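# Overview (structure and organization)
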Amino acid sequence: KGKPRGYAFVGYPGTGKTIMMEQLTNEFLDVPVVYFTIAGLMQVGGGPGEDSMSCIMETLSGLKGAGYKCVFLCCDDLDAVELSEKNANVTRLINLLDQLRMDCMPTVIFMCTVNDPTSLHGTIIRRGCRIDEVVEVGLPSFESLGRLINAFRDDTDTTDYSNEQYIPALEKMV
């Protein structure tokens, strides 16, 4: 079956899913990244949605013609539109993801962020199908949060907020 080619970063808003996705793509400087919005893809009735899907396919085909063997296709907030059963949006997204797996395209690694995986249709998010790997991104620990505060605080403040004694204060902040 090979390595996964579809990844969903799942977690509450603000946990760093988008930053993680962007950092992963930045690690591979020689691999092009194509971003799309799910809202733009899902507009129906011969409008921008179909144009967006065609544009994605043309871009990927052009990258293959330019000799690229691998491309990242990224979508932030995949659950921004309704993707429930018996919904035209599901069909459109499934068609796109299935077309990307065809041999005529370069290897496409699809990555997306999702706030609420229960809002997605099972044929999209199910492991081993179109999204092969679901990565849960949790909230930072209070110690990590304290280290972040330390990193960005005013230089005149010398308090070490990662120390256990400040956890109650950090809990109030969150």
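Residues numbered from 1 in each chain as written. Predicted model: local features only at pLDDT ≥ 70, side-chain atom pairs only at ≥ 80, totals over all residues. Heavy atoms only, no water.

## Some points on the nonpolar core
Within the largest apolar cluster, 28 residues are counted, with the highest numbers of intra-cluster contacts made by F36 and L78. Contributing elements (two or more residues each) for this core: β1 (6-10), β2 (33-37), α2 (38-41), α3 (48-65), β3 (70-76), α4 (88-100) and β4 (107-114). For F36, the contacting residues outside a window of four places in its chain are L41, I56, L73, C74, C75, D76, L96 and F110. By size, the runner-up hydrophobic cluster in this structure holds eight residues, among which are F9, M21, C74 and M111. (Core = buried A, V, L, I, M, F, W, Y, C linked by side-chain atoms within 4.5 Å. Buried < 20%, exposed > 50% of the residue type's maximum accessible area, 1.4 Å probe, protein only. Helix = DSSP H or I, 4+ residues; strand = E, 2+ residues; numbered from the N terminus. Contact = heavy atoms within 4.5 Å.)

## Here's the deal with the side chain of D79
The residue D79 is located in the loop between β3 and α4 in this model. Within the buried set, D79 has no salt-bridge partner at all; the shortest N-O distance to an opposite charge, 7.6 Å, is to K17. Looking at D79, its side chain comes within polar contact range of the main-chain nitrogen of N115, at 3.0 Å. (Lys, Arg positive; Asp, Glu negative; His and termini not counted. Salt bridge = Lys/Arg side-chain N within 4 Å of Asp/Glu carboxyl O. Polar contact = N/O pair within 3.5 Å; in protein donor to acceptor, adjacent residues only side chain to side chain.)

## Describing the packing of aromatic side chains
On inspection of all chains with the given rule, the structure shows two aromatic pairs. For the ring pair F28 and F72, a centre distance of 5.8 Å and an interplane angle of 50° mean the geometry is tilted. Taken as a pair, F28 in the loop between α1 (17-26) and β2 and F72 in strand β3 lie far apart in primary sequence, 44 residues in all. Ring geometry for F36 and F110: centres 6.3 Å apart, planes at 20°, overall stacked. You can see F36 sitting in strand β2 and its partner F110 sitting in strand β4, a full 74 residues away along the chain. With respect to burial, F36 and F110 carry one shared label: buried. (Phe/Tyr/Trp six-rings, centres within 6.5 Å; stacked < 30°, edge-to-face > 60°.)

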